[in-house]
Structures are given as C-alpha cells and as structure tokens.
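# Residue-level structure breakdown
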Amino acid sequence: MTDHNFWGLLDITYIYLGGLGVGAFFVSAMLLLLGRNDRTHFTVARYGAFLAFVAIVAGGILLPFELEHPFRAWRVYLNFAHGLRSPMFYGAWFLVIFGAISFFYALTFMRRGASAEDDLARGRKVLAWLGLAFGLCLGLYYGVLHASLAARPLWHSPVLPLMFLVSAYMSGAAGVLFLFAIFHRKNSDAEVEKRFVRRGHQLLAWILILAGIQAVLVFLYVLFANAFGSGDQSAAIQILLPGGAFATQFWLWAVVLGILVPIVLAASFGVSRAERAPVPWWVAVVVPLCVLIGGYVMRYDIIIAGQITHPMGL
Amino acid sequence: MKDSNSKPDISRRAFLGGGAAVTGAGAAAALGGGVANSAVEGGAKKHYVMVIDARRCYGVQACTVACKAEYKVPLGENRSWVEEIEKGNYPNVTRSFLPRLCNHCDEPPCVPVCPTGATFKRDEDGIVVIDKDVCIGCKSCIQACPYDQRFLNEDTHTADKCDFCIHRVSQGLQPACVEACPSRARIFGDLNDPDSEVSRLIATNKVSVLRPGYGTEPNVYYIGADHTGENDHYAEFSYVDVKTNRRFAERR
Amino acid sequence: MTNRRDFLKLGAIAASAGLLGSRARADARLQSAGVHAGPLLHGGKDFSPITYEERKAVPSACYQCVTRCPMVGYVENGRLEKISPQMNSIRTEGTLCAKAQAGVNHVYDPDRILYPMRRVGKRGEGKWKRVRWDEALDEIAERLKKLRDAGTPEKFMFHYGRMKSSTSKMVKSVFLATYGTGTIGDHTSICEGSKWVAQELSWGGHYDNWDFDNTQFILNFGSNVFEAHTNHTPVAHRLARALVERNLRMITFDVRLSNTAAKSSEWIPVKPGTDIAVILAMCNVIVNEDLMPVEGREFLRFCRVTRDVGATTEEKIAALKAHLAEYTPEWAEGISGVPAEKIVAIARELASKHPAAIISYRGPITHAFGVEAERALQMLAAITGNIDNPGGRLKAVGPKWKYPKGPKDKPKSGVLEVTKGFEGQVAFPNHHVSNQIFDVIREGSFGRPEVYMWYKYQPVYSNGDCKANEEILKDESILPFTVAVTPFYDESAALADLILPEATYLERWDWEDMVSPNQVPEYYIRQPIVPPMGETRDFGDVVCDLAERMGMPLGFKTKEEFVRLSCEMTPEVKAAGGFEYMKTHGVYHNPQTKPVYYSYLREIPESDYKAEDVIYDVREQLYWNWKKSKARSREEALEKGYMHTKNAYKGYVGQRIGDKVYRGFVPDKVNKTGYMEIYSELMEEKGFKPMPSYYPIPEHQELGKDDLILTTFKVNVQSHSRTQNCKWLTEIYHANPAWINPETAAARGIANGDLIKVKSEKGEITTKARVTPAVVPGVVAISNHCGHWKYGRYASGSAAPEEFRLNEKDPDLDRIWWSDDRGAHPNWLIPNKPDPIGGEQRWNDTVVKVEKVAAA
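Here is what the cut-offs are and how they apply
- Residues numbered from 1 in each chain as written.
- Chains lettered and ligands numbered in written order.
- Predicted model: local features only at pLDDT ≥ 70, side-chain atom pairs only at ≥ 80, totals over all residues.
- Heavy atoms only, no water.
- Helix = DSSP H or I, 4+ residues; strand = E, 2+ residues; numbered from the N terminus.
- Rg over C-alpha atoms; globule rule 2.2 N^0.38 Å.
- Buried < 20%, exposed > 50% of the residue type's maximum accessible area, 1.4 Å probe, protein only.
- Contact = heavy atoms within 4.5 Å.
- Areas by Shrake-Rupley, 256 points an atom, 1.4 Å probe, with all protein chains shown as cover.
- Buried area = accessible area lost by both parts, 1.4 Å probe.
- Salt bridge = Lys/Arg side-chain N within 4 Å of Asp/Glu carboxyl O.
- Polar contact = N/O pair within 3.5 Å; in protein donor to acceptor, adjacent residues only side chain to side chain.
- Domains from an automatic or database assignment.
- Axes fitted to C-alpha atoms, helices over the stretch in contact; angles between N-to-C directions.
- Parallel < 35°, antiparallel > 145°, perpendicular 65-115°, else oblique.
- Nonpolar A, V, L, I, M, F, W, Y, C, P; charged D, E, K, R; others polar.
- Phe/Tyr/Trp six-rings, centres within 6.5 Å; stacked < 30°, edge-to-face > 60°.
- Lys NZ or Arg CZ within 6 Å of the ring centre and 35° of its normal.
- pLDDT = per-residue confidence, 0-100.
- Pairing = 2+ DSSP bridges.

## Let's talk about the overall build of chain C
Scanning chain C for helices and strands turns up 28 helices and 31 strands. Since a compact globule built from 856 residues should have a radius of gyration of about 29 Å, the 28 Å found for chain C is in line with a globular shape. Seen through its C-alpha atoms, chain C measures out along the principal axes to roughly 100 × 75 × 60 Å. The buried share of chain C, taken over its 856 residues, is 66%. Nonlocal contacts in chain C, meaning residues at least 24 apart in sequence, comprise 74% of its contacts between residues at least 6 apart. Summed over all atoms, the accessible surface of chain C reaches about 29100 Å², with 49% contributed by carbon and sulfur.

This is the structure:
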C-alpha cells in the first residue's frame with residue numbers, strides 16, 4: 001500500500017527530526033528566556049539546545065537523500081525568481097537559517113563554565129529569540145508544505161500545520177524531559193535539587209498543556225475535514241476513521257499513546273504532586289517515549305494516508 | 001460543466017488561501033496569479049488546448065502506446081492513458097472511455113510549488129513544461145497535481161508528464177497522441193484562433209473539464225465525457241468500475 | 001499585478017548581479033522551442049523528443065494482425081524509434097491501433113532469438129547449441145531431398161499460422177509447389193473458417209466488407225470490430241466516424257459487453273451460440289409482415305431460394321415464408337433469451353432503414369453449426385437488399401498483384417490428408433480443420449509427416465487442448481523431425497528440433513494486399529525499416545536458399561527480388577513507378593478507380609460465355625469452362641454436370657438469369673451457382689437442410705445446475721498469441737480475469753477479485769473473477785491472450801536461452817510490475833472440436849464448472 005508514495009519514510013523521518021529540533025529549541029529557549037537566571041533552567045535549556053542541534057543536523061543529512069538530484073539543491077536557494085510561491089523554497093531557507101541559529105545557540109552552551117550569567121548571555125538570548133521565530137516558521141512549514149496541496153485532500157486542512165507545530169513542541173518537551181531523566185544526577189544541594197524537581201514538573205506540565213491542545217486540534221482536524229471540508233476531504237478522512245485502513249494505527253498509536261496516555265500520566269504524576277515529590281523516573285521516561293512514538297506515527301499516518309487518498313470523481 | 005469557452009467561475013476555498021498565507025507566502029500570493037495568465041497577457045501567439053471528444057473514443061489505447069513510444073516512458077508510468085468507466089445493472093450496462101493527459105492548466109497547481117522553477121508555463125503557447133536539467137526531484141509538483149498526471153521518471157530522475165509534445169508542436173506537427181488516435185477523438189489546436197477546430201468545437205458543444213472545483217482552469221476540454229468516479233454511488237445502480245490499466249489503478 | 005515577465009526580468013537582473021541561478025543553465029531546447037506559425041500537420045514527419053532532430057521515415061506495413069495496415073517507421077541512429085500511421089493510405093486514412101505502434105517492441109525484445117538453434121538434449125528439455133545457417137539448411141535440404149527422392153515429398157509438412165501475400169506466394173505457390181508437397185496446414189479454422197465456408201456456400205469467396213461510410217443502420221451479431229477484426233482499424237475508425245458524425249444507430253448482440261457493444265446504441269445480451277435463432281426470427285418477421293424493402297425484393301432475383309434456380313420472386317418469397325414459419329420471435333426468445341418484442345422491433349427497424357450494414361464475426365460463428373449463423377445472416381442481408389450495395393455488406397476488394405511463379409515444370413504435389421479432420425467429421429473443410437491436425441497425425445491413418453515445419457504459428461498455445469498439443473509435439477515417434485521458423489522462443493519453438501530465427505516483420509520485404517474498406521484496392525509494400533538483427537533472416541530468403549541447396553532454383557534469390565519483380569509485373573504499380581515508387585511511398589492506389597459495388601450485376605459478354613471449352617449447365621443455368629476443372633473430357637463434364645465435377649467452380653463463367661448472363665456471385669472452393677445461395681444444394685447433399693436452419697448445440701441442451709458456458713474473446717491491445725512480448729501492450733493488458741455475472745457469481749459465493757478455478761473435461765485453470773454485469777448470466781468469459789509460459793520475460797517471465805537471445809540492455813525488464821498476475825490461458829480447457837459443417841474450432845461451446853478457491 002505504501003510502495004507508490006512519493007514522500008516516504010525518509011521524508012517522514014526528516015520532518016519528524018526537524019520538528020523535534022524545532023520543539024527542543026522552543027523548550028530550551030523558553031526555559032532560558034522565562035526562567036530566572038537560575039542554574040537549573042540553564043542546565044535543562046542546555047539539553048534542549050543540544051537536542052535541537054543534533055535533531056536538525058540529523059534531519060538535514062536525510063534531506064538530500066530525498067532529492068533525486070541532490071547536487072542541484074543549490075538551485076532552490078537561488079531561486080528568488082520563481083520560488084516565492086513555493087513552500088519548499090521557504091522551507092529550504094528556514095532550515096538553513098534555523099540550523100545555523102541552533103548551531104550557534106548550542107555553541108554558547110558548550111563552553112566550559114557556560115552559565116546563565118556568562119558573557120554570552122546576551123547573544124544567547126538574541127539567538128533564542130531568533131530561533132524561536134525561525135523555529136516557528138520551520139515548524140509551521142512542515143505542515144504547510146502538505147496543507148497547501150489541494151490535490152491531497154487529507155492534507156489540505158488549515159489545522160494540519162498547527163497539528164504538526166504542536167506535535168513538534170510536544171516532541172521537543174518530551175525529548176528534553178527524556179534527556180533530563182537520563183542525564184540528571186541528584187544534586188547534593190537540596191535546594192537546587194528541589195528546583196530541578198520543579199523543572200521536571202514544569203516539562204511535564206508543558207507536555208500536558210500541549211497534549212491538551214493537540215487533542216483539540218485532532219478533533220478540529222477531523223471535524224474540519226468531515227463537516228467543513230469538500231466532499232474530497234470528507235471522503236479522504238474516512239481512511240483515519242473507524243473502518244478506515246489507517247484508523248487503528250492512528251487512533252491507538254498517535255492519539256491514545258501519543259496524546260491521551262501522556263495527558264493521563266502527566267496529570268496524575270505531574271500536576272497533582274507538583275510540590276511533593278520528583279517526577280517518578282519511569283514517568284519521565286514513559287511519557288516522552290509515548291509522545292515521541294505517537295508523534296512519529298501521527299506524521300507517518302497522515303503523510304502516507306494522504307498519498308493513498310485522492311480526490312473523488314473526475 | 002462549461003457551456004462555452006468562458007472560464008468556469010470557481011473561487012478557491014477561503015481556508016485554502018488561509019493555509020497558503022501561513023507559509024509566509026502572502027507576499028507571493030500578492031505577486032502571483034501572473035504566471036497563469038501571462039500566456040495571454042504577454043501577447044502570446046498561441047493558446048494550445050486539446051478537445052477530447054469522448055463520444056469518438058473507442059478505447060483502443062493507440063494514444064497510450066503512441067505516447068509510450070514517443071518518450072520511451074518507463075514501465076509503470078504513463079504520460080497519457082485511457083480510462084474505462086463501466087457501470088449499470090444487467091442488462092443495462094454501459095462502458096465509456098476517458099482519455100487522460102496533463103491539463104496544462106491556466107492555474108497549474110504544480111508550477112508554484114516548484115522550488116527551483118524547473119516547471120513553468122510557457123508564455124508563448126501555454127504549455128506547462130519541465131526543465132529536466134533544473135528539476136531536483138523533490139516531488140512537490142507530483143503531490144500538487146489534482147489529476148495525478150505527474151510522475152517520477154526513473155530514467156531521468158526528474159518529474160515528468162505530458163508536454164503536449166512540444167518538440168513536435170514547435171516544429172509544425174500535431175502531438176503524437178493526436179496523430180495516433182484512429183477515431184480523431186483528440187483534437188489539438190489554438191484557442192486564440194477563433195477559426196481553429198478546437199475553438200469551433202468548444203463554441204458549439206457542451207464541454208466539460210476535469211475536477212473544475214479545483215480552480216485549475218484546465219486546457220483539456222471534454223465532449224461527452226463520463227465523469228463518474230469509482231466511489232460515486234447512484235440511486236439506480238450499484239455497480240461502478242473504473243479501470244485505468246495503470247500500475248496504480250486507484251489513482252486518477 | 002506583476003506577471004511572469006517581470007519575474008524573469010527580476011531574475012535576469014539578479015543573475016547578472018551573480019545572485020541567482022538563471023535559466024541559462026536550463027534545457028536549451030525548451031527555451032528555444034518556438035511557436036509554429038502554420039497549421040500543425042497530422043504526420044509525415046517525426047522529430048526526436050531529445051534532440052528535436054528530424055528522423056528518417058521508412059514507409060512499410062504493419063503485421064501485428066492480419067489487417068496489415070500501411071505505416072511508417074521512423075529511424076534515428078539506425079534504430080527504429082517509432083511506428084506512425086501512413087497518412088497516404090486510403091485504407092487506414094492515416095490511422096493505426098495500439099498494437100501497430102508497439103511493433104517496435106518486437107525488434108528490441110530482449111528475448112528474441114538471433115541464431116539458428118539445434119536441440120541437444122531431449123526434445124523440450126531446453127538444451128540447445130548454436131549452429132550455422134549452412135549447417136541448419138543443409139540438414140533440412142538433405143532430409144527434404146531424401147523424401148523427394150523416395151517419392152514421398154508429401155511427408156514434408158509445412159504448417160503456417162499467418163502467411164499472406166508475397167510470403168504466401170513465394171513459400172506456398174512457388175517453393176512448396178516446386179518441391180512437390182501439398183501437405184500444407186493453415187490456421188483458418190481456429191480463426192474464422194466457418195465464416196468463410198458460409199460465404200463460399202452463399203456468395204462465393206470471402207472477405208465481407210462493411211460499408212460504414214454509406215450506411216444508415218448497423219446490426220451487429222458478435223463482431224467486436226472496435227477491438228479485433230480482420231480489417232480492424234481501417235474499418236473501426238470509419239465506424240466511429242459514422243456513429244458520431246452521422247449519429248447512426250447501431251445494435252449489437254453479444255454475450256458480453258465488448259467495447260463495440262459499449263459504443264453501440266444498444267447492447268442486447270444473447271446466450272452463447274444462439275444468435276442464429278434471433279437472426280432467423282428477424283427474417284421471419286420481415287418476411288411474414290411483408291416488410292421486405294423494395295431493394296430486398298429486387299435482390300431476390302439474384303438469390304437462389306429454391307431448388308429450382310429459375311423460380312419467380314413470388315415463389316421465392318413463398319419458400320422463405322415456408323422455411324421461416326417455425327422460427328418465430330417467441331421461439332427465438334426461448335432459445336436466445338432475447339425478448340420477442342425486441343426481436344420484432346429491431347427487425348422492423350432494420351427493414352425500414354436502407355442501406356443497413358449487417359455484420360458478424362466470431363460471436364455467432366465459433367460454435368457447432370456456426371456456418372448456419374453466417375448463412376442466416378447472409379439471408380437477412382439478402383432479403384433486406386443489403387448485399388454488395390453502398391452502405392451494405394460488401395464483397396471486399398483488394399489489389400491484384402502479379403508475381404513470378406517460379407519454375408514452369410512443377411511436379412504434381414502429393415498430399416497427406418491430415419488437414420481436413422477425420423473422415424466424415426466436417427462437411428466442408430474448405431479452410432481445413434487445423435485444430436484437429438495433431439489429433440489426425442497422432443491417429444495416423446492418413447500417414448505422418450517426417451519433417452514438420454511451422455512458420456509464424458503457435459500450435460501449442462493457439463489451438464485448444466494445450467496439453468495434448470504439447471504431448472504430440474514432444475513425441476518423436478509421432479513427429480520425428482520438427483523445425484520452427486520464428487523470431488521468438490515461444491511455447492512451440494521450445495519443443496522444436498531446429499529453430500530458424502526469422503527476421504521480424506519490421507526487418508523484411510513483402511508486397512501486401514489486404515482488402516480496402518472503401519472498395520478501392522490499395523497496393524502497398526513492407527520493407528525493412530532496420531536491417532535484420534543478428535543472424536535472423538527473412539523466411540522468403542531462406543526458402544530461396546533452401547531451394548538452391550536442393551537443386552531447384554526458384555528464379556529469384558531473395559524476397560526483395562521477388563517483390564521488385566512483382567512491382568514490375570503488376571501493371572498498375574509499374575505505371576505508377578514500380579519498385580522505386582513503392583519503396584519511396586509505401587502505398588499506391590489508382591485515383592481513377594471507382595469503388596466497386598454490385599459486382600454481381602456485371603453482364604458477361606457473349607464472347608465470353610460462348611468461348612471455346614465453355615459449356616452450359618442446363619440444370620444450374622450457368623456457363624463454365626470444363627477445362628479448368630478436373631473433368632477429363634467435355635463429355636464427362638456435360639454428363640457429370642457442374643455440381644458434380646471436381647473443381648468445376650474454377651471454370652465458372654457466368655449465371656444466366658432471365659435473358660442475360662451475369663457475373664453473379666462467383667463461386668470459390670465449392671461448386672455453387674452464380675446466385676447468392678440462400679438455398680444450398682451443396683448443404684442438402686451433405687445431409688443438412690438447404691436453407692439456413694437452427695441446429696441446437698448438443699452440449700448446451702442439458703446443462704447441469706453448476707454448468708457454465710465458457711466464452712473466449714479478444715481485447716484491443718493484444719493479438720491472440722503473438723503480441724504479449726510487446727511490453728507496451730502487455731503493460732496495458734497482462735491479466736485476464738474471468739468475467740462472470742453478479743447473479744452467477746453470487747450463486748457460487750464468488751466476489752470480485754476472488755481466486756477461482758475453472759474446470760472442463762480437458763483440464764482446469766486458476767484465475768481471478770471479475771464480477772461484472774457486462775456479461776450474460778450462465779457464462780464465464782475469459783480473453784485468450786494471457787497465461788503464456790514461454791515467449792519471453794514480458795509475456796511470461798520465462799527468458800529465452802541466454803546465448804541465443806538479443807540480450808539488449810533493457811531497464812524496463814526490472815520494471816515489470818505484473819509478475820504476480822499474468823492471467824491464465826483458457827485453451828487448456830477447450831477441446832479441439834470442429835463445427836461439423838465448416839470445421840471451425842468451437843471456441844465458445846465448452847461447458848465448465850467454476851468454483852471459488854480463495855477470497856480476494
């Protein structure tokens with residue numbers, strides 16, 4: 001069923017990694033910008049900065065392999081004459097710019113003794129703002145690339161870019177929480193450790209909020225296609241609805257595992273116990289895994305199913 | 001359905017515009033629209049269109065093979081083909097034929113998505129072409145075509161599709177499929193010339209285009225075409241079978 | 001609003017500033033391709049899509065099917081790139097079908113064989129060694145000489161599938177005749193033999209042509225002219241034009257909704273083999289309701305409707321009424337399933353619209369007593385005055401080539417009577433009983449050939465009962481030495497002892513002579529578009545070579561020479577410029593020639609029928625030249641009479657009707673009168689009813705609850721057995737699911753796409769079900785193109801032996817996407833049973849059972 005998809009696993013993985021990068025940067029930048037100049041914010045922001053850079057580079061490496069003529073890719077960047085209506089033209093530029101920002105941003109965390117108050121603090125914050133902006137563009141681009149195509153009714157939805165963006169942010173938060181759970185060693189200073197515990201809860205809370213938004217977006221996505229979309233769109237969405245070829249996958253993996261389970265776990269172990277105990281280690285691992293897997297499946301299902309479904313009639 | 005050569009007045013859905021604007025391409029949208037109409041506005045000499053008289057087509061696939069032979073299109077793909085639509089309840093069953101090719105739209109959705117400008121609509125005759133030396137093979141245009149006309153050519157590793165046989169048309173010959181059609185179901189010519197056969201046919205027949213709801217403004221017009229899709233259900237019969245003889249038969 | 005030009009300007013400026021990649025690096029041809037000012041031509045030239053350079057045009061003729069359309073091959077760098085219509089042909093009017101254009105695939109089929117192959121292992125084992133042509137031909141010549149020297153040249157049997165025009169004349173009339181064997185088989189009875197026999201019994205020789213350009217109404221019984229026909233595209237494109245431009249009504253009776261039925265105004269489903277009941281009932285309605293149009297009444301003058309050739313029109317009508325009385329529409333409904341009121345309505349419509357083209361093909365013919373269906377149709381056309389008139393059913397005309405006849409002294413040919421079926425099996429084996437040849441040879445009472453050579457023929461695949469065919473061809477005790485002449489390694493060639501690699505039809509010479517749909521003959525030739533590949537040779541050249549080796553030179557050394565001589569010998573062609581003209585133009589017709597209609601009305605001058613050796617047969621009231629028959633003397637001829645003198649028809653001169661002698665309907669193959677014979681004394685003598693009559697198909701009379709009738713059919717992009725190696729065609733049509741009506745399918749629990757088993761007395765095949773209302777209930781319809789097990793990788797997945805094949809690098813071989821479903825060949829199920837009158841293989845009579853194997 002998937003052997004005639006022009007955009008396949010490679011593209012899905014690239015989009016996924018790109019989203020993860022954007023999301024990780026978002027989390028990192030938010031921690032940096034919102035947090036008081038506190039060591040715990042900075043430490044967690046560093047996880048995000050590194051993850052963002054690694055993810056965006058990994059995705060960027062995949063990108064040329066998706067092109068049939070990778071050595072002609074330079075043409076995209078110089079195509080100001082004809083590219084201004086092409087989402088991919090913007091996407092290509094966003095990727096390069098965002099990639100550069102995340103590189104320099106990650107660099108600022110790499111110095112020995114880097115801290116929230118060091119001499120790069122100002123530059124780091126500028127980069128954070130810039131990265132937020134271009135990350136938003138890139139994050140939206142992944143959805144817009146698909147949503148702008150009327151010929152693919154399953155993609156052709158104004159909700160899709162938002163879904164991809166929120167999923168990207170969720171993945172970022174999940175990725176950072178995961179790294180936090182793996183790499184964080186208990187701090188000897190109880191006061192500091194308490195603040196670290198709070199960072200854990202903070203990330204879980206973000207996941208909770210984003211997952212809540214995402215649940216609403218999924219609902220809107222289906223609603224839009226069914227109720228407000230064209231006949232083509234309501235016909236296409238059937239592939240994701242009960243009885244459709246992708247229904248089980250989509251609802252079980254992308255929605256239940258990727259959104260609902262994180263909501264339940266985050267709500268039970270995050271918010272309710274915020275002041276009492278650290279996030280249990282298994283929750284800090286399981287929730288991110290659910291989010292990461294669910295996000296991948298969501299993209300996979302929509303991108304593949306979107307190429308299998310097509311306009312009705314002629 | 002069109003009754004004359006006036007363009008169908010179909011505006012795009014509002015939210016599509018919204019979707020496009022999110023790309024930050026709002027600026028581009030303001031500048032855009034010129035591509036499609038430039039063939040006329042730019043004082044082009046020709047406005048090539050094809051009229052397909054489906055009443056004449058007897059499904060013999062001469063055009064399909066002529067096109068394969070013309071371009072040595074790799075197995076598994078076609079630049080042009082003929083679909084068969086069979087429907088009805090025994091013994092009232094009909095089968096009709098629908099030749100397919102690129103519509104060379106006035107609003108080609110494949111052109112703006114191209115990140116390199118490899119695909120463009122020629123000013124001088126309205127033919128939508130692909131520059132194989134520029135295409136990077138990103139497949140955006142393939143996804144953008146609501147008629148499933150574009151494919152990835154395994155030999156050139158670029159997007160490919162019907163180009164109205166530009167090497168023939170520019171040198172004074174009809175497209176290969178037009179020459180090949182034994183029942184003259186395919187008629188090709190210049191819509192700017194009011195005396196051309198295509199102008200006359202469009203003026204005097206009830207013509208239709210494919211998927212007019214997509215606002216693509218196709219330049220392939222059909223006379224007597226059956227627009228039934230595989231998933232169309234009619235009250236009076238339950239059987240509809242659409243055969244395309246293409247590798248991926250479900251795509252249209 | 002900024003338009004594209006501004007963008008381009010912007011781009012140019014930016015590029016000059018070194019910022020942008022401009023279009024300068026782009027495909028220059030796309031940029032420079034201008035706009036052609038004048039009108040666009042429909043052909044006559046061709047350009048490469050890569051270089052835009054003009055290609056070399058070579059006019060030639062197609063041979064994908066018997067229609068043999070004139071065409072033009074386009075060559076670039078010595079390679080045949082494309083086949084296009086011949087715009088100057090009056091037959092095709094510049095059209096071709098899909099098959100014709102895919103002919104390119106034959107030349108570059110990676111599995112075509114290029115060298116003579118000699119079997120080394122057991123027969124059919126697939127072990128071969130390469131031999132030189134010299135060795136191969138010496139061996140054949142030696143064997144043939146031995147047979148000839150022993151006085152048994154007839155033990156060399158030559159069996160061809162499709163051999164026409166110059167190749168036929170060279171091989172059959174010259175080479176084989178000079179050698180002295182008359183053991184020559186053809187394949188007409190697996191094609192349309194009974195149709196020709198019926199025509200020979202009614203109006204003389206075939207073909208029938210249908211004048212769609214001038215007709216007002218078309219009544220079709222089982223012809224699929226839009227998909228397959230002996231004169232396919234030349235006729236089909238005229239039909240399409242008539243239907244659309246003149247809005248004609250066309251009614252098609254068929255077991256299945258063919259594309260022809262689909263394009264008709266009405267499809268009327270009919271049970272297999274029962275068209276004849278409908279036809280007879282229509283005759284009944286027209287005669288009994290006195291609807292015969294005046295043209296029909298007048299035409300009756302030229303019809304024989306009673307034993308007495310001199311009957312009046314009233315007597316003839318009375319005879320028709322008497323004969324047709326039992327064939328009422330209600331009776332026909334009971335047999336055919338066509339509602340009586342429908343039959344009446346169509347009969348009335350037919351009678352009211354003149355001229356009407358009444359057409360038929362394999363639908364009604366390929367059954368037991370298929371001859372009668374075609375004879376009944378001739379009757380229907382006759383009584384409505386639609387015979388040989390503008391707009392009607394015509395006696396087709398083709399060009400009359402003259403050609404060198406070879407050595408003057410030819411021996412009297414010996415014959416092994418293996419081609420006409422078993423004794424008494426077929427009344428009129430005029431076109432042989434080729435489907436029975438293997439059975440007769442195996443049985444052995446007419447002797448067995450010692451050398452069996454076949455040419456452009458696929459005995460194993462093309463006949464019914466493939467299993468038996470394979471067994472017999474494999475059996476060295478039945479056929480001790482076999483030679484296949486073919487460009488391809490097919491199912492039959494794989495069982496040969498020696499394979500002579502033939503050049504494809506795109507690499508060889510011929511003059512061609514297929515009939516014209518517009519009744520004006522067209523001369524055309526086939527010439528090599530590219531030279532023969534590898535060591536392949538035109539079989540015409542091979543027989544010249546073989547004849548030299550046997551010390552019997554034919555008077556020409558190559559087919560090219562034969563064609564050249566023929567061009568110079570044929571007055572019309574010579575006048576046009578002869579061979580050189582034909583090589584340059586490919587086609588020629590005399591612009592002065594008027595379409596030929598009413599050929600029977602030509603009066604015979606007294607000088608002709610009073611000529612020496614011409615005698616008058618009082619009983620049949622016709623003149624004939626006894627010397628052209630096998631009569632030994634004038635006296636014997638007079639005593640035996642025209643009817644009973646062997647080959648008397650060859651001396652036919654004219655038919656006396658009233659006080660004039662007319663050319664009439666010239667007999668061919670049988671001694672019929674010069675009348676259009678509705679009443680056939682010949683039939684009567686063979687124990688059949690003289691007038692076209694209904695005979696039930698025995699196997700269909702008591703069908704069991706589970707029994708279905710198997711119908712086979714052809715599609716538009718394949719010929720029966722020879723086109724499946726063409727990748728562009730096989731890509732379009734490679735699987736042949738069994739059509740089955742929803743009602744019939746439901747009774748067996750079969751859903752669309754299910755795997756089913758079809759069983760007959762001869763075997764079983766497994767295929768997919770295509771559940772569709774486009775077929776009559778109680779029938780399973782399977783096209784006869786698929787399920788090859790040899791014939792190259794495109795057709796079957798099975799490659800020709802590597803060291804013999806072309807082995808051209810063809811990336812498409814890796815792109816074959818239909819390997820998982822190549823369909824099934826229905827001939828495994830169908831016994832080789834002939835129509836007892838005409839010998840036609842009864843393709844569409846087989847009773848089968850169908851069961852579900854697995855769900856889709």
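Don't stop here, the text continues.
## Observations regarding the interface of chain B and chain C
Contacts between the two partners involve 78 residues from chain B, matched on the other side by 83 residues from chain C. Of the roughly 6700 Å² buried at the junction of chain B and chain C (both faces included), carbon and sulfur atoms supply 57%. Of all residues in chain B, Y58(B), L75(B) and Y90(B) give up the largest surface area on contact with chain C, accounting jointly for 12% of the area buried on that side. In this structure, the connection of chain B to chain C is made through nine salt bridges. The salt bridge partner of D241(B) is R770(C), with a shortest N-O separation of 3.0 Å. Counting across the interface, chain B meets chain C through 28 residue pairs in polar contact (both at pLDDT 80 or more).

## Side note on the domain arrangement of chain C
All names here are of chain C. You can read the domains of chain C as domain 1 (117–191 + 411–498 + 533–562), domain 2 (208–395), domain 3 (599–685) and domain 4 (703–854). The straight-line distance from the C-alpha centre of domain 1 to that of domain 4 is 28 Å. Between domain 1 and domain 4, the residue contacts involve 38 residues of the former and 34 residues of the latter. The contact between domain 1 and domain 4 buries some 2800 Å² in all, and 57% of this surface belongs to carbon and sulfur atoms. There are one salt bridge connecting domain 1 and domain 4. For K762, the salt bridge identified is with D465, shortest N-O distance 3.1 Å. Our enumeration of links across domain 1 and domain 4 arrives at 22 residue pairs in polar contact (both at pLDDT 80 or more).

## Examining the packing of helix 21 (residues 559–569) of chain C against helix 23 (residues 578–585) of chain C
Residues and elements named next belong to chain C. The contact between helix 21 and helix 23 brings their axes to 7 Å, and the two run at 110°. Comparing their axes, helix 23 and helix 21 come out roughly perpendicular. Each of E560, V563, R564, C567 and E568 in helix 21 lies in contact with helix 23, whose residues at this interface are G578, F579 and M582. Across the contact of helix 21 with helix 23, the residue classes tally to four nonpolar, one polar and three charged.

## A word on the side chain of K68(B)
Tracing the backbone shows K68(B) in helix 3 (residues 62–71). At a separation of 2.6 Å, a polar atom in the side chain of K68(B) contacts the side chain of E731(C). Leave out the neighbours within four places in its chain, and K68(B) touches V73(B), P74(B), L75(B), G76(B), E77(B), N78(B), W728(C) and E731(C).

## Details of the packing of aromatic side chains
For any pair of aromatic rings, the description rests on two quantities: the centre-to-centre distance and the angle between the ring planes. Per the counting criterion, the structure on display carries 66 aromatic pairs over all chains. Relative to F539(C), the ring of F158(C) lies with its centre 5.8 Å away and its plane at 5°, an arrangement referred to as stacked. Placement of F158(C) in strand 6 (residues 156–160) and of F539(C) in helix 20 (residues 539–549) is noted, with a sequence separation of 381 residues between them. Residue F158(C) shares its accessibility class with F539(C), and that shared class is buried. Between Y461(C) and W789(C) the ring centres are 6.0 Å apart and the planes differ by 40°, which places this aromatic pair in the tilted class. One end of the pair, Y461(C), is in helix 18 (residues 459–462); the other, W789(C), is in the loop between strand 30 (779–783) and strand 31 (847–854), and 328 residues separate them in sequence. Put simply, the rings of Y77(A), F80(A), F89(A), Y90(A), W93(A), F94(A) and F134(A) pair up and form one aromatic cluster. Sitting over the ring of W81(B), R246(B) keeps its end group 3.6 Å from the ring centre. Sitting over the face of the ring of W739(C), R770(C) holds its NZ or CZ atom 4.6 Å from the ring centroid.

## Some points on the interface of chain B and chain A
Contact with chain B, which involves 54 residues of that partner, is made by 43 residues of chain A. For the chain B and chain A pair, buried surface summed over both sides reaches about 4400 Å², with 60% attributable to carbon and sulfur atoms. Taken together, chain B and chain A are joined by one salt bridge. For the salt bridge of K139(B) with E68(A), the shortest nitrogen-to-oxygen distance reads 3.5 Å.

## Topic: the confidence of the model for chain B
With 80% of its residues at a pLDDT of 70 or more, chain B shows a mean pLDDT of 83. Here residues 1–44 of chain B is a poorly scored stretch, pLDDT under 50, and it has 79 contacts once near neighbours within four places are set aside; other chains count.

## A short note on the sheet that holds strand 2 (residues 81–89) of chain B
Residues and elements named next belong to chain B. Spatially, three strands are ordered 3-2-11 in an open sheet, and the strand pairing comes out antiparallel. The open sheet has two edge strands, strand 3 (92–100) and strand 11 (240–243), and neither has a second partner. Neighbour to neighbour, the strand axes of the sheet diverge by 15° on average, direction disregarded. In terms of strand pairing, strand 2 meets strand 3 through nine bridges, oriented antiparallel. Bridging from a neighbouring strand, E83 pairs with L98 of strand 3.

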